[in-house]
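Read off the chains here:
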Protein chains: 2
Amino acid sequence: MLEPGAVIGLLGGGQLGRMLSVAAARLGFRTHVYEPAANPPAADVCHRVTTAGYDDIAALTAFAGSVDVITYEFENIPTSALDTLERLRPIHPNRRALAISQDRISEKDFLTGLGLGCAPYAAVTSRADLDAALARTGMPAILKTTRLGYDGKGQARITVPADVGPALAAMQGAPSVLEGFVDFSREVSVIAARGADGSVACYDPGENVHEGGILRTTTVPARLNPGQRADAVLIAARILNALDYVGVMGVELFVTPQGLLVNEIAPRVHNSGHWTQASCTVDQFEQHIRAVAGLPLGDGNRYADVVMENLIGDDVLRVPELLNAPNTALHLYGKGAPRPGRKMGHVNRVIRG
Amino acid sequence: MLEPGAVIGLLGGGQLGRMLSVAAARLGFRTHVYEPAANPPAADVCHRVTTAGYDDIAALTAFAGSVDVITYEFENIPTSALDTLERLRPIHPNRRALAISQDRISEKDFLTGLGLGCAPYAAVTSRADLDAALARTGMPAILKTTRLGYDGKGQARITVPADVGPALAAMQGAPSVLEGFVDFSREVSVIAARGADGSVACYDPGENVHEGGILRTTTVPARLNPGQRADAVLIAARILNALDYVGVMGVELFVTPQGLLVNEIAPRVHNSGHWTQASCTVDQFEQHIRAVAGLPLGDGNRYADVVMENLIGDDVLRVPELLNAPNTALHLYGKGAPRPGRKMGHVNRVIRG
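Residues numbered from 1 in each chain as written. Chains lettered and ligands numbered in written order. Predicted model: local features only at pLDDT ≥ 70, side-chain atom pairs only at ≥ 80, totals over all residues. Heavy atoms only, no water.

## Quick word on the pairing of strand β9 (residues 186–194) of chain B
Residues and elements named next belong to chain B. Among the nine residues of β9, eight are classified as buried, and the element is accordingly described as predominantly covered. Where β9 meets strand β13 (residues 247–256), nine bridges bridge the pair, whose relative direction is antiparallel. Within β13, the position partnered with Glu187 by the bridge is Phe254. As paired strands, β9 and strand β11 (residues 206–211) are joined by three bridges and run antiparallel to one another. The residue bridging Val188 from the neighbouring strand is Glu207, located in β11. (Buried < 20%, exposed > 50% of the residue type's maximum accessible area, 1.4 Å probe, protein only. Helix = DSSP H or I, 4+ residues; strand = E, 2+ residues; numbered from the N terminus. Pairing = 2+ DSSP bridges.)

What follows is the structure, encoded as C-alpha cells:
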C-alpha cells in the first residue's frame with residue numbers, strides 16, 4: 001500500500017491522465033506525468049511533468065526513479081519503454097494485460113481461450129489471407145490493423161467485393177485482422193476494477209453509441225435484462241482474474257441473440273466510464289488509483305441514471321448553453337483549438353428518480 | 001468571460017486553493033498559485049506555482065502579468081500586495097469585501113449598517129475600553145483580535161472577572177473587539193455565490209459543529225424551519241449585493257430565539273461548503289471559478305443529505321477505515337505529517353433517501 005505523499009507515475013498526459021491525476025491527489029498522492037507532447041492536458045493538474053519520447057532511455061530511467069509505482073492511460077506503450085521501466089518500478093496493470101490488448105489477435109485468442117464469445121476473426125497479412133477469411137465471415141466485415149488502432153483509426157469496412165482491395169491498401173502492409181460482422185442490438189461496456197488483494201468490483205454496465213468510430217454517448221443503465229447484466233459482470237470478472245489484473249479495465253460487449261460477445265478490452269480507465277464521476281461515490285479514476293496504490297476498492301454503486309456525452313470537435317461551441325443546463329456536469333480537457341474528431345470534453349447529464 | 005485556456009491566479013496554495021484549482025481545470029482554465037510556503041497542497045494540481053512572499057513586489061508583478069484574473073483562498077492578504085496586484089489585473093472578490101472581512105469591527109459595522117443582526121460588540125484597545133464593553137455585554141463574552149484570526153486563534157473567552165486581564169494580555173496589544181455571548185441554538189452557514197452578471201445563487205444552509213474553535217462537521221440539511229431557511233438565504237443575498245460581490249462567500253449565522261444573527265463572513269470558498277462536492281452538480285469550488293471567470297453560475301441544487309467531517313490531526317489515522325466505508329467520499333490534502341489542529345482532509349458521507 002502506497003504511503004501518503006507517494007508519487008504515482010502516469011504514462012500519457014491526455015484527458016484520462018488528467019482525470020487520474022486529480023483522483024490521485026484526492027487520495028493524497030502526487031503524480032508525475034510522462035508524455036512526449038508538450039503541454040498535455042494532464043500538465044494542468046499534476047505535480048510534475050516529463051516531456052520526452054518513449055525511446056528516451058535516460059528520461060524513462062529518471063522518471064521511474066522519481067516515482068513509487070507506474071500506471072498508464074493508454075495501452076500502446078512501446079515494449080522497449082516498458083522493458084526499461086519494469087526493471088525499476090512496478091507497473092499496473094501488468095505487462096500481460098498490455099501485451100494482449102496491444103494486439104487484436106492476441107486479445108481474441110486470449111478471450112476465446114477463456115471460453116468467451118467474440119466476433120469471428122482471422123489474421124490477415126496478404127490478399128490470399130483476406131480472401132480466405134472473407135469466405136468464412138462473409139460480408140460485411142471489418143479489416144483492422146492488429147496494433148495501434150483507436151477511435152476508428154486503422155479500420156476499413158468491407159461491404160462489397162470492390163471494397164476488398166482498398167481496405168487491404170488502407171492497412172499499409174500492417175498485420176491485420178478481419179472481423180466478421182456481428183448482428184448486435186447494442187454495445188454495452190463494463191468498467192471493471194480488480195484490487196491488489198484480488199477483489200473485483202464492476203460498475204453497472206453502460207450502453208454506448210458510436211459515431212464515425214468515436215464514442216458519442218454512454219447511458220446508464222444499459223438496456224439489459226437481469227441475466228445479461230449478470231453475464232456482463234461475470235465476463236469482466238473472468239477476464240480480470242485470468243490476467244491477475246490490478247486496476248480498472250474497460251470491457252466492451254456486443255448484445256446479440258446468442259448472448260454477449262466481447263468486442264474489445266482496454267487495460268485502463270475508459271471513456272465509457274466517465275459517467276461514474278456523476279453518479280458514484282468512487283469514480284473509475286479513483287478506483288484505478290486505489291487499485292494501483294494497493295488501497296481497497298471503493299464504493300462504486302450507482303445512485304442515479306446518467307447520460308454521458310462526449311464533446312467532440314465543434315461540440316465545444318455548445319459550452320455556453322451547457323453551462324446553464326440543470327443537472328449537467330461539464331468537464332473540459334484544456335485542449336487548444338477544436339479539431340474534427342478531437343475529444344475536447346464531456347458532459348454528464350444526471351437523471352434523478 | 002474568460003476564454004478557454006485562460007489562467008486564473010490563485011493567492012494561497014492550501015486545501016481551498018487545491019480544490020479551486022481542480023475546479024478551474026474542469027472548466028478548461030489553468031491556474032497559477034502564489035504561495036509563500038514551499039510545496040503547498042495546491043501545487044499538486046495546478047499548472048504553475050510561484051513561491052514568494054507577499055512583500056515581493058517583483059514576484060507579485062510577474063505573477064499578475066502571467067494571469068488573466070486573480071482570486072484568493074484566504075482573506076488576510078496584505079494590503080500592499082493587493083495594491084500591487086490590483087493595478088495589473090482584476091481581483092475577485094473585490095477589495096471592499098476583503099477590507100471588510102479582514103477587520104472584525106469593519107465587518108460588524110457593515111453588517112449592522114445593512115440592518116442585519118450581530119452579537120453585541122465593542123472595539124477594545126485598552127483595559128478601560130474592555131471594562132466599559134463588559135459592562136454592556138456582561139459575561140461570558142469573547143475578546144478577539146480585529147484582524148488575522150482564524151480557527152479559534154486570537155480569541156480569549158471571558159467568563160469570570162479573573163479572565164479579563166489574561167484575555168487582554170492574550171491580544172498582545174493588538175486592536176480587539178469584545179463580542180457579547182449570543183444565546184444560539186445552533187450555527188448554520190450559507191454558501192452564497194454571486195456572478196459577474198449580478199445573479200445570486202445560494203446553497204442549502206448547512207449546520208456546523210465546532211470543536212476547539214475548529215469546524216468539526218457540517219450537516220445538510222440544517223435543522224431550520226422554512227422561515228429561517230428563507231431568512232438565511234435572504235441575509236446572504238443582501239450581503240453579496242451590497243458589496244457588488246463576485247465569487248463565493250461563506251456566511252455564518254447563529255440561530256437564536258430573536259432570529260438569525262450574522263457571526264462572520266468569509267469572502268471565499270468555505271470549509272462549511274465542502275459538502276457541495278458530494279451532493280450538487282456544481283460544487284462551491286466550481287461556482288466560485290464560474291463567477292470569477294465571468295461564466296454563468298451553475299446548478300447548485302442539493303440532491304442528497306450529507307455529513308461533512310473534517311479530518312483534523314490524527315483523524316487521518318482513520319483513513320484505512322474510511323476507504324472501506326460505503327457512501328463515503330474521501331478528500332486528502334496531500335499535507336505532510338499530521339499535527340494537532342491541522343486540517344488534513346475531509347470526508348463527505350452521503351445519505352440517500
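Next comes the rest of the description.
## What about the side chain of A:His346?
All names here are of chain A. The residue His346 is located in strand β17 (residues 343–351) in this model. At 2.7 Å, the side chain of His346 forms a polar contact with the side chain of Gln277. For His346, the side chain forms a polar contact with the side chain of Tyr333, separated by 2.6 Å. When neighbours within four sequence positions are excluded, His346 is seen to be in contact with Met19, His274, Gln277, Met308, Glu309, Asn310, Leu311, Ala329, Leu330, His331 and Tyr333. (Polar contact = N/O pair within 3.5 Å; in protein donor to acceptor, adjacent residues only side chain to side chain. Contact = heavy atoms within 4.5 Å.)

## With respect to the sheet that holds strand β2 (residues 30–35) of chain B
All names here are of chain B. Taken together, four strands build an open sheet; the order of strands is β3-β2-β1-β4 and the sheet is parallel. The open sheet is flanked by β3 (48–51) and β4 (69–72), the only strands paired with a single partner. When the angles between neighbouring strand axes are averaged without regard to direction, this sheet yields 25 degrees. In terms of strand pairing, strand β1 (residues 7–11) meets β4 through four bridges, oriented parallel. Each bridged residue has a counterpart across the sheet, and for Leu11 the counterpart in β4 is Tyr72. The sheet contacts of helix α2 (residues 57–66) involve β1, β2, β3 and β4, and relative to β2 the element is tilted by about 170 degrees. (Axes fitted to C-alpha atoms, helices over the stretch in contact; angles between N-to-C directions.)

## Thoughts on the interface of chain B and chain A
Chain B puts 32 residues into the contact, and the matching count from chain A is 32 residues. For the pair chain B and chain A, the two sides together bury roughly 2900 Å², of which 51% comes from carbon and sulfur. Three residues stand out in chain B for area buried against chain A, namely B:Arg26, B:Asp44 and B:Leu323, and they jointly supply 20% of the buried area on that side. Taken together, the links from chain B to chain A amount to two salt bridges. The residue A:Arg30 makes a salt bridge to B:Asp44 at a minimum N-O spacing of 3.1 Å. Here the element with the most residues in the side of chain B that touches chain A is strand β16 (residues 328–332) of chain B; it accounts for five residues. (Buried area = accessible area lost by both parts, 1.4 Å probe. Salt bridge = Lys/Arg side-chain N within 4 Å of Asp/Glu carboxyl O.)

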